[in-house]
Amino acid sequence: MNASVLLRRTTLRAARPVPVSRTIVGSQFSRLASTLALFEQRDGKLQSSAQNVVTAAKQLGNPVIGFVAGKSAKEVAEQAAKIEGVDKVVYVANEAYEKGMPESYAPLVVENTDDVTHIVSMHSAFGKNVMPRLAALLDTQQISDIISVESPDTFVRPIYAGNAIATVQSTDAKKVITIRGTAFSNAPSGSGAAEVIEGKDSKHAGNVEWVGEDLTLSDRPDLDTASKVVSGGRGLKDKENFEKIMMPLADAMGAAIGASRAAVDSGFADNSLQVGQTGKVVAPELYLSVGISGAIQHLAGMKDSKVIAAINKDPDAPIFQVADVGLVADLFKAVPELTEKLKK
Ligand SMILES: Cc1cc2nc3c(=O)[nH]c(=O)nc-3n(C[C@H](O)[C@H](O)[C@H](O)COP(=O)(O)OP(=O)(O)OC[C@H]3O[C@@H](n4cnc5c(N)ncnc54)[C@H](O)[C@@H]3O)c2cc1C
């Protein structure tokens, strides 16, 4: 592809500053224009991320239509209808879409996007799976992991592991957007009363088969939504120490457990616990890092936490540059002491 073709095909560009009068939204859209908000469900239960998606979708100015598919999609749609700000919920009750596999889910969404100008989902495993395929089917360029909506065509997103913030503008007719959940508050749920209607379903097969899943089940809070997170790194040395030191600390604090990539790659902790650029992005009230150096790729996943505390034996560890509270100590001594004190 030569340069001129490339230029013509590129629809995302750095945006000029948006005048304040243009930041609020809606009037330039037709009466029928709407935003489709993709909601996630597991075993017939609406995931709380739907509330973050609604907050972002509302800021685009058009009516918000929720969308959910899966075995018990009608029940999930009824739960979603209670979220304030949702105008309508479309559901497709078909077990084939239960696992949200992009090969079948993306064409199903396309089938239900009449009059839709924006399609929004969480920047979760589901969103990262489904949205690129959806964008390709719509021949549009995805706008990923946004942290704010400036106007219906202009968005802010972190780049280079959060070291730079880009404002991007899209000229695509249908915009496919994933949002960073920690940047959008939970829309209140309970008082909404949106209409629930059945969507279209041409029974997309997608040539893939769901074989199974290997889930790590835990009674601890969920890492994505926990208000407190304790996270362990390579300083813990092995899996046995990770479990012996971090689990009692997490239980004493009522916290979720996270891990650095080095800890995950070394087999100390499950992949689903990785925090950072290539893991989860969290923003709890309290993030306590233990034996983590504070590489930029790790900071990309936790630097928006309200209070950051760090235990590291190296006083020059970069984590101390972002920590509100730091303890220079040997974790093998300091953490069991802290755990005992917390238990009391
Ligand atoms: C493209 C890319 C993506 C990446 N994505 C991620 C990501 O999503 N998440 C992520 O975490 N990393 C990610 N990384 C890796 C990242 O660069 C670092 O290598 C990683 O975060 C280091 O993990 P760590 O801090 O546990 O280990 P180390 O950097 O080895 O740090 C261990 C720390 O433990 C301290 N320590 C050792 N012993 C003790 C003790 N007894 N008491 C107290 N402190 C002790 C040491 O002083 C040190 O600071 C990515 C890298 C790349 C290139």
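Worth saying up front: this structure is predicted, and the values here are computed from it rather than measured. (Residues numbered from 1 in each chain as written. Predicted model: local features only at pLDDT ≥ 70, side-chain atom pairs only at ≥ 80, totals over all residues. Heavy atoms only, no water.)

Quick look at the site of the ligand now. Taken together, 26 residues lie around the ligand, and S260, T278, S293, Q297 and N312 are the ones closest in. At 2.9 Å, a backbone N or O of R261 approaches an oxygen atom of the ligand. Here an oxygen atom of the ligand sits 2.7 Å away from a polar atom, N or O, in the side chain of S293. When residues of the shell around the ligand are traced back to their parent elements, those giving at least two are helix 7 (261-265), helix 8 (296-299) and helix 10 (331-343). When its residues are assigned to classes, the shell around the ligand shows seven nonpolar, 13 polar and six charged. (Near = heavy atom within 4 Å. Polar contact = N/O pair within 3.5 Å; in protein donor to acceptor, adjacent residues only side chain to side chain. Helix = DSSP H or I, 4+ residues; strand = E, 2+ residues; numbered from the N terminus. Nonpolar A, V, L, I, M, F, W, Y, C, P; charged D, E, K, R; others polar.)

Another aspect to go through is the packing of aromatic side chains. Across all of its chains, the model carries three aromatic pairs by this definition. Between F67 and Y105 the ring centres are 6.2 Å apart and the planes differ by 90°, which places this aromatic pair in the edge-to-face class. Taken together, the positions of F67 in strand 5 (residues 64-70) and Y105 in helix 4 (residues 102-111) put the pair 38 residues apart, joining distant regions of the chain. On the basis of relative accessibility, which here comes to 0%, the residue F67 falls in the buried class. Centroid distance Y97 to Y105: 6.4 Å. Interplanar angle 85°. Geometry classified as edge-to-face. With relative accessibility at 1%, the residue Y97 sits in the buried group. The exposure class assigned to Y105 is buried, which follows from its relative accessible area of 2%. Ring pairs connect the aromatic residues F67, Y97, Y105 and F126, which therefore count as one cluster. (Phe/Tyr/Trp six-rings, centres within 6.5 Å; stacked < 30°, edge-to-face > 60°. Buried < 20%, exposed > 50% of the residue type's maximum accessible area, 1.4 Å probe, protein only.)

With that out of the way, let us pick up the nonpolar core. Ranked by size, the top nonpolar core spans 33 residues in total, and within it F39, I146, F155 and I179 carry the most contacts. When residues of this core are traced back to their parent elements, those giving at least two are helix 2 (49-58), strand 5, helix 3 (73-80), strand 6 (88-93), strand 7 (116-122), strand 8 (143-146), strand 11 (164-170) and strand 12 (175-179). In this view, F39 contacts L46, A50, V53, V54, G66, F67, V68, A80, V86 and Y105; residues no more than four positions away in its chain are not counted. Listed in part, the 22 residues of the second largest apolar core include A250, A255, A269 and V290. (Core = buried A, V, L, I, M, F, W, Y, C linked by side-chain atoms within 4.5 Å. Contact = heavy atoms within 4.5 Å.)

Further remarks concern unusual backbone geometry. In this structure, D115 takes a positive phi of about 60° despite not being glycine. Position of D115 relative to the elements: it lies in the loop between helix 4 and strand 7. Its relative accessible area of 45% is what places D115 among the partly exposed residues. Despite not being glycine, D145 shows a phi value in the positive range, around 60°.

Here we take up the sheet that holds strand 6. Pairing is parallel in the open sheet, where seven strands are placed in the order 8-12-7-2-5-6-13. Looking at which strands have only one partner, the edges of the open sheet turn out to be strand 8 and strand 13 (195-198). Looking at each pair of strands side by side, their axes are set apart by 25° on average, direction ignored. Where strand 2 (residues 34-38) and strand 5 come together, four bridges link them in parallel fashion. (Pairing = 2+ DSSP bridges. Axes fitted to C-alpha atoms, helices over the stretch in contact; angles between N-to-C directions.)

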